[in-house]
Amino acid sequence: RAGPSADPVAARRSAAFARLDVDFDAAFGDRPTGRLRAPGRVNLIGEHTDHQDGFVLPMAIDREIRLALRPRDDARVRAVAVDLDERHEFDAAAPDRRDGWEAYLHGVAWALREAGHELRGFDAVFAGDVPRGGGLSSSAALELAFAKAFAVAGGLPWDPVAMARLCRRAENAWVGVASGIMDQLICACGREGAALKIDCRDLSREAVALPSGVAVVILDTGTRRDLVGGAYNDRSAEAADAARILGVPALRDLGPADLEAREHLLDATLRRRARHVVHENARVALAADAMRRDDPVALGRLMNASHESLRDDFEVSGPALDAIVDLARADAACYGARMTGAGFAGCAVALVEERAVERFVREVAQRTRAAAGGTEPRLFPVAASAGVGRFEEEGPEWGASGSRKASG
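Computed from a predicted model, the values in this text were never measured in an experiment.

**Topic: the overall build of the protein**
Broken down by element type, the protein carries 11 helices and 13 strands. The globule rule puts the C-alpha radius of gyration for 408 residues at 22 Å, and the 21 Å found for the protein is close to it. For the protein, the C-alpha atoms occupy an extent of roughly 65 × 45 × 40 Å along the three principal directions. Restricting to contacts in the protein with at least 6 residues of sequence separation, those with at least 24 account for 72%. Total accessible area on the protein is roughly 16100 Å²; 47% of this is exposed by carbon and sulfur atoms. Looking at the protein, you have 54 positive and 62 negative side-chain charges, and the mean spots of the two groups are 1 Å apart.

**Notes on the nonpolar core**
Counting 99 residues, the largest nonpolar core has Phe-150, Leu-251 and Phe-360 as its most contacted members. Sort the elements by how many residues they give to this core and helix H3 (residues 138–154) lands first, with 11 residues. Setting aside its immediate chain neighbours within four residues, Leu-251 contacts Gln-52, Ala-239, Ala-242, Ala-243, Leu-246, Ala-274, Val-277 and Val-278.

**Considerations on the packing of helix H8 (residues 268–292) against helix H9 (residues 296–312)**
Where H8 meets H9, the closest approach of the two axes is 9 Å, and the angle between their N-to-C directions is 170°. Of the possible angle classes, the one that applies to H8 and H9 is roughly antiparallel. You can see that H8 and H9 cross each other, and the crossing is left-handed. Where H8 approaches H9, its residues Arg-272, His-276, Glu-280, Arg-283, Leu-286, Ala-287, Ala-290 and Met-291 are matched on the opposing element by Ala-298, Leu-299, Leu-302, Ala-305, Ser-306, Ser-309, Leu-310 and Asp-312.

**A few points about the pairing of strand S10 (residues 334–339)**
Among the 6 residues in S10, 5 count as buried, and that is most of the element. Alignment of S10 against strand S11 (residues 347–353), held across 5 bridges, turns out to be antiparallel. When the bridges of S11 are listed, Ala-337 appears paired with Ala-350.

**Some thoughts on unusual backbone geometry**
Unusually for a residue other than glycine, Ser-137 sits at a positive phi of about 65°. Along the chain, the position of Ser-137 falls in the loop between strand S6 (122–128) and H3. Taking relative accessible area as the criterion, Ser-137 reaches 7% and is therefore assigned buried.

**Some words on the side chain of Asp-313**
Within the secondary structure layout, Asp-313 lies in the loop between H9 and helix H10 (319–329). Of the residues examined, Asp-313 reaches a relative accessible area of 13% and is grouped as buried. One polar contact links Asp-313 to Arg-275, side chain to side chain, over a distance of 2.9 Å. Aside from chain neighbours lying at most four places away, what touches Asp-313 is Arg-272, Arg-273, Arg-275, His-276 and Glu-308.

**A few points about the pattern of salt bridges**
Counted under the stated rule, the structure contains 39 salt bridges. When the shortest N-O distance is used, the salt bridge between Arg-41 and Asp-183 registers 2.9 Å. Pair noted here: Arg-41 is in strand S1 (residues 34–43) and Asp-183 is in helix H5 (residues 182–189), with a separation of 142 residues, a long-range link. With a closest N to O distance of 3.2 Å, Glu-353 and Arg-355 form a salt bridge. Several salt bridges converge on common partners, so that one network encompasses Arg-13, Arg-37, Glu-64, Arg-66 and Asp-129.

**Describing the sheet that holds strand S2 (residues 55–56)**
Read from one edge of the open sheet, 3 strands run S2-S7-S8, paired in antiparallel fashion. The sheet terminates laterally at S2 and strand S8 (205–208), the two strands that pair on one side only. As paired strands, strand S7 (residues 195–199) and S8 are joined by 4 bridges and run antiparallel to one another. Paired with Lys-197 across the two strands is Glu-206, which belongs to S8. Together, S2, S7 and S8 form the strand contacts of H5, whose direction differs from that of S7 by roughly 135°.

Here is what the cut-offs are and how they apply
Residues numbered from 1 in each chain as written. Predicted model: local features only at pLDDT ≥ 70, side-chain atom pairs only at ≥ 80, totals over all residues. Heavy atoms only, no water. Helix = DSSP H or I, 4+ residues; strand = E, 2+ residues; numbered from the N terminus. Rg over C-alpha atoms; globule rule 2.2 N^0.38 Å. Contact = heavy atoms within 4.5 Å. Areas by Shrake-Rupley, 256 points an atom, 1.4 Å probe, with all protein chains shown as cover. Lys, Arg positive; Asp, Glu negative; His and termini not counted. Charge placed at Lys NZ, Arg CZ, Asp CG, Glu CD. Core = buried A, V, L, I, M, F, W, Y, C linked by side-chain atoms within 4.5 Å. Buried < 20%, exposed > 50% of the residue type's maximum accessible area, 1.4 Å probe, protein only. Axes fitted to C-alpha atoms, helices over the stretch in contact; angles between N-to-C directions. Parallel < 35°, antiparallel > 145°, perpendicular 65-115°, else oblique. Left-handed = near helix turned anticlockwise from the far one by under 90°. Pairing = 2+ DSSP bridges. Polar contact = N/O pair within 3.5 Å; in protein donor to acceptor, adjacent residues only side chain to side chain. Salt bridge = Lys/Arg side-chain N within 4 Å of Asp/Glu carboxyl O.

Note that all results are geometric; they support no functional claim without further evidence.
Spelled out as structure tokens, the structure:
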């Protein structure tokens, strides 16, 4: 296969890892022996359905966390967050409660130990280009990057689905966010060139290619919201309450007609929450069908309907998200747009004519700045990426031992 120079994404990764190698040497006085990448994700449609065992249609993206490591002979983990210029050290055999990015490392160690894995420590430096807190699963990418690091350092068996489950457990039980499985699963199992239609109950997955001639563009509003202990958990609890009152294990067990027949049992708030989840599940199936038919118009309409439901029924959008979605939709090259992720703030996603992407990005950013004075939106196209893995499997510059491969 062609080397990194033949592929812009591989070339970008090679340059990023070269910088990490320098950072590793500066931090630990040695070269790393392993290099890992864990992607963020964008959910095309199927929002706030995974915590109700529903259906989602995300894709892993070519924005990712990159990590360089060297195993240790003890259980100590020494980690340097290059982007934050922060360093943390802990005993993987005795994780404790922490805040910020450190909580995810301790949570992953705890979940792995709870599952019976004996952990070996490592030295690591990591950095990434997944916008933090923007709805593109930077937390899941961090969790999977460190789960993979523990696996590489300790020779643990790597089952992507099992590791996704453990990382979700870390986020739910340790960090305290009542998320579903989608983020960790797409980070672990992403497919290059395709989105995955995922059944969040049995975790079955179907690769679905995007329609031809379109691009996926992230619309980052620049706004952020902390999810821990906040409205996200409230919405998850409300959906669970609705399912309990309606007598089903989860709202995925109801179709739109079923809900219409029973929604009188719910108060006005829970009725709206249930209506979003049930109809959003139906939209995922229709969206996958539209993609198989190569129909971007139908897919875009479904994305628009999803945003309106998230805004009005699930009430997880926000002013900045609504504004940028409206401006994106007003552009002639946009098939559809919606908020993505937990909501309240962060990012939206747009389906755009591929040939018009550069102009779309430039002009929608300008209109957003003009309309919302003071905000600095960031718009960028993304491509579907493979899930978490060793960088050595994708680029030939370094071998698994950490030594540079011979050239020529």
